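Descriptive analysis of the structure
So you can see what is in the structure, the chains are spelled out below.
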Amino acid sequence: MKDEKTDFLGISSGSRDGAAALLRHGERDALRIERRLLQRLAGSMGDPPLLIRLWDGSEIRLGGRAPVDVGITIRDRGALWRMLLHPELYFGDDYSTGRIEVNGDLVQFLETLFLSRPPLASDGFMEQLRNRFSRASCNTMAGSRQNIQHHYDLSNDFYSLWLDERMQYTCAYFATPEASLAEAQVAKLDHVCRKLRLKPGETVFEAGCGWGGLARHMARHYDVKVRAFNISREQLRYARARAREEGVEDRVEYVEDDYRNITGTCDAFVSVGMLEHVGVEHYRELGEVVNRCLREDGRGLIHSIGKNRARPMTPWIERRIFPGAYPPTLGQMMEIFEPREFSVLDVENLRLHYARTLDGWLERFEARQDEIERMFDRSFVRAWRFYLASSLASFSTGSLQLFQVLFTRPRNNAIPWTRAHLYREGI
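Right, let's walk through the structure included here. (Residues numbered from 1 in each chain as written. Predicted model: local features only at pLDDT ≥ 70, side-chain atom pairs only at ≥ 80, totals over all residues. Heavy atoms only, no water.)

1. A look at the overall build of the chain
The helix and strand inventory of the chain stands at 16 helices and 11 strands. Per-residue burial for the chain yields a buried fraction of 52% across its 427 residues. Long-range contacts, defined as pairs at least 24 residues apart, comprise 71% of the intrachain contacts of the chain with a sequence gap of at least 6. In the form shown here, the chain has an accessible surface area of approximately 20,400 Å², with 50% of it arising from carbon and sulfur atoms. (Helix = DSSP H or I, 4+ residues; strand = E, 2+ residues; numbered from the N terminus. Buried < 20%, exposed > 50% of the residue type's maximum accessible area, 1.4 Å probe, protein only. Contact = heavy atoms within 4.5 Å. Areas by Shrake-Rupley, 256 points an atom, 1.4 Å probe, with all protein chains shown as cover.)

2. Considering the nonpolar core
Soluble, globular proteins show a tendency: their nonpolar side chains are buried together. Within the largest apolar cluster, 73 residues are counted, with the highest numbers of intra-cluster contacts made by F109, W162, Y169 and W384. No other element matches helix α16 (residues 378-396), which puts 11 residues into this core. (Core = buried A, V, L, I, M, F, W, Y, C linked by side-chain atoms within 4.5 Å.)

3. So, the packing of aromatic side chains
The tally for this structure, following the rule as stated, stands at 28 aromatic pairs. Ring geometry for W162 and W384: centres 6.0 Å apart, planes at 65 degrees, overall edge-to-face. Here the residue W162 occupies a position in the loop between α7 (156-160) and α8 (181-196), and W384 occupies one in helix α16, the gap between them amounting to 222 residues. Note on W384: relative accessible area 3%, which makes it buried. A centroid spacing of 4.8 Å and a plane angle of 50 degrees characterise the contact between F337 and F407, whose relative ring orientation is tilted. Pair noted here: F337 is in helix α13 (residues 330-337) and F407 is in strand β11 (residues 401-408), with a separation of 70 residues, a long-range link. Across the pair, F407 and F337 agree in class, each one buried. One residue, R227, lies across the ring of F205, its end atom 5.5 Å from the ring centre. When the ring centre of Y95 is taken as reference, the NZ or CZ atom of R382 above it lies at 4.2 Å. (Phe/Tyr/Trp six-rings, centres within 6.5 Å; stacked < 30°, edge-to-face > 60°. Lys NZ or Arg CZ within 6 Å of the ring centre and 35° of its normal.)

4. Details of the sheet that holds strand β1 (residues 50-53)
With respect to topology, four strands assemble into an open sheet ordered β2-β1-β3-β4, the strand pairing being mixed. Unpaired on one side and paired on the other, β2 (59-62) and β4 (100-103) mark the two borders of the sheet. Geometrically, the sheet is characterised by an average inter-axis angle of 20 degrees between neighbouring strands, direction not taken into account. As defined by bridge partners, strand β3 (residues 71-74) adjoins β4 across four bridges and the pair is classed as antiparallel. Bridge pairing links I72 to V102 in β4. Contacting β3 and β4, helix α3 (residues 87-97) crosses the sheet at an angle of about 85 degrees to β4. (Pairing = 2+ DSSP bridges. Axes fitted to C-alpha atoms, helices over the stretch in contact; angles between N-to-C directions.)

5. Details of the pairing of strand β9 (residues 294-306)
Along β9, 10 of the 13 residues are buried, which leaves the element largely enclosed by surrounding structure. Across six bridges, the pairing between strand β8 (residues 266-272) and β9 is parallel. Across the sheet, the residue bridging to F269 is G300, located in β9. In this fold, the crossover linking β8 to β9 by way of helix α11 (residues 283-293) has right-handed handedness. The sheet contact formed by β9 and β11 spans eight bridges and is antiparallel. Its bridge partner being in β11, H303 is matched across the sheet by Q404. (Right-handed = clockwise from strand over helix to strand, strands pointing away.)

6. Notes on a nonpolar patch on the surface
A grouping of L330, V344 and V347 is seen on the molecular surface, where their side chains present a nonpolar patch of about 190 Å² in accessible area. Within the secondary structure, V347 sits in strand β10 (residues 343-349). (Patch = residues over 30% accessible without salt bridge, like charges linked within 9 Å, V, L, I, M, F, W, Y side chains within 5 Å. Salt bridge = Lys/Arg side-chain N within 4 Å of Asp/Glu carboxyl O.)

7. Brief notes about the packing of α3 against α16
Packing of α3 against α16 leaves a shortest axis separation of 7 Å and a crossing angle of 135 degrees. As summarised for this structure, α3 and α16 are arranged oblique, according to the angle between their axes. Relative to α16, the crossing made by α3 is right-handed. Only S379, R382, A383, R385 and F386 of α16 make contact with α3, whose side of the interface consists of F91, G92, Y95, S96 and T97. (Parallel < 35°, antiparallel > 145°, perpendicular 65-115°, else oblique. Left-handed = near helix turned anticlockwise from the far one by under 90°.)

8. Points about α8
Over its 16 residues, α8 extends 23 Å from the first C-alpha to the last, a length consistent with the 22 Å expected when each residue adds 1.5 Å. The buried fraction of α8 amounts to 13 of the 16 residues, a majority that puts the element mostly inside the structure. Positive phi appears at R197, one or two residues downstream of α8, with a value of about 50 degrees. (Expected span 1.5 Å × (residues − 1).)

9. Details of the sheet that holds β9
Read from one edge to the other, the open sheet built from seven strands follows the order β7-β6-β5-β8-β9-β11-β10, with strand pairing classed as mixed. Edge strands, defined here as strands with exactly one partner in the open sheet, are β7 (252-256) and β10. Averaged over all pairs of adjacent strands, the angle between their axes in this sheet comes to 15 degrees, without regard to strand direction. In the packing of helix α10 (residues 233-246) onto the sheet, contacts are made with β6 (225-230) and β7, and the angle to β7 comes to roughly 165 degrees.

10. As for the environment of E373
Here E373 lies in helix α15 (residues 369-375). What makes E373 partly exposed here is its relative accessible area of 33%.

11. A word on the pattern of salt bridges
The final tally for this structure, using the stated rule, is 27 salt bridges. Note that D346 and R419 form a salt bridge whose closest N and O atoms lie 2.6 Å from each other. In this pair, D346 sits in strand β10 while R419 sits in the segment after β11, placing the two residues 73 residues apart along the sequence.

Dropping the structure here:
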């Protein structure tokens with residue numbers, strides 16, 4: 001009698017074929033649910049035109065506005081559900097390990113995603129909840145040192161494979177369309193120095209000096225004395241060695257210390273690429289440091305990645321690549337200047353210059369990927385490829401900005417009438 005019983009599908013419960021059919025039916029039900037969830041996820045992202053291939057060879061076509069040139073292959077069900085649960089975190093993780101593959105050009109794929117986002121859309125409840133709990137890692141003195149070491153102390157040999165010869169790891173300035181990456185990085189150094197109108201014999205404080213290229217450039221070409229502060233030992237080791245090689249160690253002092261401990265007085269205060277690691281809650285503190293150091297006729301410049309709208313860093317970037325990072329809006333940057341009545345003289349947005357800089361870095365990174373994989377592993381290479389490509393796409397689509405803010409004290413009248421000094425030889 002047992003074999004004659006049937007379940008709700010009409011399949012004999014005692015049959016092996018029936019059990020297999022039941023499993024197939026469950027698989028079809030699961031796939032239908034997963035397709036609906038993928039479509040809902042795509043809808044929340046503005047329905048980007050993508051082709052998604054699943055582990056079983058089936059395909060899901062999303063969006064309908066244009067032919068699908070890019071897409072992804074999801075290699076297992078677990079990766080799909082991780083992406084559905086938290087796409088901004090787990091997509092990067094599973095791309096890094098190969099559980100998700102991008103079909104077509106990676107930058108084009110990411111640009112497709114970013115350009116599809118509805119403009120000025122309000123965050124949904126789940127995204128608001130995630131934003132609340134996706135705060136950047138603590139940027140106390142101890143926390144900042146740990147965060148910086150996570151990214152910058154990977155090894156100087158690694159960065160030297162794909163940065164320019166001066167080890168500039170910030171946005172370049174392409175003064176002409178024909179400029180190479182190396183030429184554009186030198187032009188960036190000059191662009192900063194001209195904005196500050198540096199004069200021989202002046203003292204410059206630099207907060208967050210990277211591998212020290214700007215400090216050496218200021219000393220050699222503008223005959224100033226520089227005290228440059230950094231908490232990355234790997235970078236300082238490199239910077240000090242280069243200063244000795246270039247014969248400027250008598251004019252450049254590289255100090256292993258937090259910016260909050262800067263003391264003394266200076267004619268110019270500059271920070272290129274550090275503000276992203278400071279944290280908005282410490283902006284007034286940074287302003288206090290500048291206030292106690294800058295002379296009455298002093299000038300300051302802060303160069304930082306930023307955003308047009310206040311939002312936390314993408315969780316994957318913050319957790320895996322840049323812990324403690326946060327790109328501010330211009331309004332948030334004013335927390336540095338307004339409490340001490342600093343006068344903002346000039347604001348320049350070099351967003352497209354950074355997109356082109358990243359294009360150069362990504363090209364150089366890809367050319368050395370075999371060496372990088374031998375240094376680390378394949379997942380590291382894929383993670384950094386994803387980081388560089390997503391950064392490029394963020395700047396090219398306007399998700400990220402690059403702000404240079406020039407400022408001085410309110411009573412300083414020794415300021416230029418025009419910007420002509422920025423675009424000709426000399427000061």
